[in-house]
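Now for the letters of each chain:
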Amino acid sequence: MLPTPDTSHVAYERVYEPAEDSFLLLDTLSSPTETAFLHSRFFKTPPPPPPLVIEIGPGSGVVIAFMTAHAAALFGTQSILAGAVDMNEHACAATNKTVRKAVSENRATASTAFLGSVQGDLVAPLRDNSVDVLVFNPPYVPTAELPVQRAGDDEVRKTKDSFEEDSYLLALSYAGGKDGMETTDRLLDSLPRVLSDRGCAYVLLCAQNKPEEVKERVRGLGGGPWKAETVGSSGKKAGWERLQIVRIWRGLTYALAVPRLT
């Protein structure tokens, strides 16, 4: 079992704390099925270009730190480029520190090419067709609306101990709007643009997100054909997987027959 990165330095009043969803991502990415899939795409002879691995909304950084620190185990090579994008500047700072600590503690297996975290809206800072592995633990809780800052909140933001600002930042990490899918839908629509030909994405969904409908929609995205399958699940409730990890990838390139859960 690969060790989980330390996040004890993170100020959780402003940054999402690792929880069941975070740990499901770690378990899924390090499972035999997914390491076989990733090895098949990025560990070849002759060696392909190093994959660019990006987490959107890293929060504490525990997931991208895990992938960076254990690159050899997950990808079959330490030669990966890793980075992250988050709207929350505090999450960007926390992620940078989490990754640095994890890499220093796992030098034998880690990539040393962490590009850092940048502040931005989903994939907006990323070039077209540049990302080989994208990971997204979205704000998936259904809510009446998405978090919105009030007019004049630039002044509030300057107050470091502002309760309003802290509440807004945390709401960004969980409030998903209608069906919990408003932010995730934007991310899914961007995949044909941002993923490389060999690219894949791991996206977390909950039962209220209607994952079977989501997978069908993904399969109809432009630039495909696309495949979308559940590769990890947890917390069964009344016959539903309360949380699911869906792997999304183009179906014609770098194909590999692997078991699936649905």
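About the cut-offs
- As a convention, each chain's residues are numbered from 1 in the sequence order in which they are written.
- Totals for whole chains, interfaces and linings use every residue, but because this is a predicted model, local features are given only for residues with pLDDT of at least 70 and side-chain atom pairs only at 80 or more, for both listing and counting.
- Computation of side-chain values covers all heavy atoms of the structure but excludes hydrogens and water.
- The rule is short: rings of Phe, Tyr and Trp, with Trp giving its six-membered ring, pair when the centres are within 6.5 Å, and they are stacked under 30 degrees, edge-to-face over 60, tilted in between.
- Secondary structure elements are taken from DSSP: a helix is a run of H or I of four residues or more, a strand is a run of E of two residues or more, and numbering for both begins at the N terminus.
- Relative accessibility under 20% of the residue-type maximum defines a buried residue, over 50% an exposed one, and the middle range a partly exposed one, all with a 1.4 Å probe and only protein chains included.
- Cation placement over rings: the criterion is NZ of Lys or CZ of Arg within 6 Å of the ring centroid and within 35° of the ring normal.
- Salt bridges, as used here, are contacts in which a Lys or Arg side-chain nitrogen is within 4 Å of a carboxyl oxygen on Asp or Glu.
- The arc under discussion is defined with respect to the helix axis, by the directions toward the C-beta atoms.
- Only strands that DSSP links by at least two bridges are regarded as paired with each other.

1. Some words on the packing of aromatic side chains
Aromatic ring pairs are defined here through the distance separating the ring centres and the angle between the ring planes. Taken as a whole, this structure holds two aromatic pairs when the rule is applied. A ring pair is formed by F37 and W249, whose centres lie 5.6 Å apart and whose planes are at 75 degrees; its orientation type is edge-to-face. With F37 in helix α2 (residues 32-42) and W249 in strand β7 (residues 240-250), the pair connects residues that are 212 residues apart, well separated along the chain. Residue classification places F37 among the buried residues on the basis of a relative accessible area of 0%. Seen from the ring of F37, R247 lies directly overhead, with NZ or CZ sitting 3.7 Å from the centre. Here the guanidinium or amino end of R247 rests over the ring plane of W249, the centre of that ring lying 4.5 Å away.

2. What to know about the pattern of salt bridges
Working definition: two side chains of opposite charge can pair if their charged atoms are close together. Tallying each qualifying case throughout the model produces twelve salt bridges. For R217, the salt bridge goes to D185, with nearest N and O atoms at 2.9 Å. Residue R217 is found in helix α9 (residues 211-219), and its partner D185 is found in helix α8 (residues 182-194); the two are separated by 32 residues along the sequence. When salt bridges that share partners are traced, they join D185, D189 and R217 into one network.

3. A short note on α9
Within α9 the residues assigned to the buried category are P211, V214, K215 and V218. The buried residues of α9 occupy an angular sector of 100 degrees when the element is viewed end-on, so they sit on one face. Residues of α9 that are exposed and point over 90 degrees away from its buried face: E213 and E216.

4. Some points on the environment of D121
With respect to the secondary-structure elements, D121 resides in the loop between β3 (114-119) and β4 (131-136). The exposure class of D121 is partly exposed, given its relative accessible area of 32%. Residues D121 and V85, spaced 36 residues apart in sequence, show a C-alpha to C-alpha distance of 7.5 Å.

5. Some remarks on the pairing of β4
In terms of residue burial, β4 counts as a mostly covered element, since six of its six residues are buried. As defined by bridge partners, strand β1 (residues 52-56) adjoins β4 across four bridges and the pair is classed as parallel. Within the sheet, the bridge partner assigned to I54 lies in β4 and is L134. Two strands pair when backbone bridges link them, and β4 and strand β5 (residues 195-206) are joined in this way by five bridges, in the parallel orientation. Looking across to β5, one finds that F136 is bridged to V203.

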